[in-house]
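Below, each chain spelled out in residue letters.
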Amino acid sequence: MHLDKFDLAILRALQDNARASLNEIGAAVGLSSTPCWNRIKRMESAGVIRGYTVDLDPAKLGYTDTVIVHVTLESHSEETLYEFGRALADIPEVLEAFLVSGDYDYYIRIAVRDTRDYERLLRQRLYRIPGIRHSKSCFVLRSLKETRLPLLEPPTAPAA
């Protein structure tokens, strides 16, 4: 799907505040409500906008620690990868899981209340997943940047 400067501006406005009204978004991007709405619907239909969510503060909900777990699996068969991913999906504390290249197979970001909570999660959930050969845990000391998708301007057409 081709995105123009208005589409990108709408996406920026939605990233800033997904609850903004069509009038607010339109004013921010220089469009009236109807074309703004049509563009949003088009981007939703194309899957550019996958959904709308709430950004929660984990610490205010009692999850004061974040742990990055590096995991190596015994096997790399499609079935093993699928079953491991399915098992991770059933663990609510798992925020993100990435199949990666390099020394480990997965990087997993986990929210926990404290070190005892993490020990519980390791013993009761993570270590019970079949096929884990090795894991290494790193507690996050401080978050330096919360990521948002960079929305760059569309390329300009070459002069004729």
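Residues numbered from 1 in each chain as written. Predicted model: local features only at pLDDT ≥ 70, side-chain atom pairs only at ≥ 80, totals over all residues. Heavy atoms only, no water.

The chain carries the name AsnC family transcriptional regulator in an unreviewed UniProt entry, which gives Bordetella genomosp. 5 as its organism.

Looking at the pattern of salt bridges
This model, assessed by the stated rule, comprises nine salt bridges. Among the ionic pairs, Arg39 bridges to Asp7, the shortest N-O distance being 2.8 Å. In this pair, Arg39 is assigned in helix 3 (residues 33–45) and Asp7 in helix 1 (residues 5–16), connecting sequence segments 32 residues apart. Judged on exposure class, the residue Arg39 and its partner Asp7 are both buried. Linking Arg123 and Glu119 is a salt bridge whose minimum nitrogen-to-oxygen distance equals 3.0 Å. On the criterion of helical spacing, the pair formed by Arg123 and Glu119 is a turn pair, its members being four residues apart in helix 5 (residues 115–124). Overall, Glu119 belongs to the partly exposed group, its relative accessible area being 37%. One network of salt bridges, with partners in common, ties together Asp4, Asp7, Arg39 and Arg42. (Salt bridge = Lys/Arg side-chain N within 4 Å of Asp/Glu carboxyl O. Helix = DSSP H or I, 4+ residues; strand = E, 2+ residues; numbered from the N terminus. Buried < 20%, exposed > 50% of the residue type's maximum accessible area, 1.4 Å probe, protein only.)

So, the UniProt feature "domain: HTH asnC-type" (unreviewed entry) in the chain
When the UniProt feature table is mapped onto this chain, "domain: HTH asnC-type" (unreviewed entry) is found at residues 3–64. For residues 3–64, the helix share is 53%, the strand share is 0%, and the end-to-end C-alpha distance is 39 Å. (UniProt positions renumbered as here; feature names shortened; annotations may be inferred.)

Things to note about the domain arrangement of the chain
Partitioning the chain into structural domains gives domain 1 (5–46) and domain 2 (58–140). Each of domain 1 and domain 2 has a C-alpha centre, and these two points are 36 Å apart. (Domains from an automatic or database assignment.)

A short note on the pairing of strand 1 (residues 65–73)
Where a strand is regular, its side chains alternate between the two sheet faces. Relative to strand 3 (residues 106–112), strand 1 runs antiparallel, the two being bridged by seven bridges. By the bridge assignment, Val69 is partnered in strand 3 with Ile108. Pairing analysis gives seven bridges linking strand 1 to strand 4 (residues 132–139), with the strands arranged antiparallel. If you follow Val69 over to strand 4, its bridge partner there is Ser137. (Pairing = 2+ DSSP bridges.)

A few points about the environment of Ile68
Among the secondary structure elements, Ile68 is positioned in strand 1. Along the sequence, Ile68 and Phe139 sit 71 residues apart, while their C-alpha atoms lie 6.3 Å from each other. The contact partners of Ile68, leaving out residues within four places of it in the chain, are Ile108, Arg109, Lys136, Ser137, Cys138 and Val140. (Contact = heavy atoms within 4.5 Å.)

Quick look at the packing of aromatic side chains
Within this structure, the stated rule accounts for two aromatic pairs. Considering the side-chain rings of Phe84 and Tyr106, the 4.6 Å spacing of their centres and the 50° angle between planes classify their relative orientation as tilted. Taken together, the residues span a long stretch of sequence, with Phe84 in helix 4 (residues 78–89) and Tyr106 in strand 3 at a distance of 22 residues. Among the residues examined, Phe84 registers a relative accessible area of 2% and is labelled buried. Between Tyr118 and Phe139 the ring centres are 5.6 Å apart and the planes differ by 85°, which places this aromatic pair in the edge-to-face class. Of this pair, Tyr118 sits in helix 5 while Phe139 sits in strand 4, and the two are 21 residues apart along the sequence. Take Phe139: its relative accessible area is 34%, and that puts it in the partly exposed class. For Arg113, the ring lying beneath its charged end belongs to Tyr63, and the centroid distance is 4.4 Å. (Phe/Tyr/Trp six-rings, centres within 6.5 Å; stacked < 30°, edge-to-face > 60°. Lys NZ or Arg CZ within 6 Å of the ring centre and 35° of its normal.)

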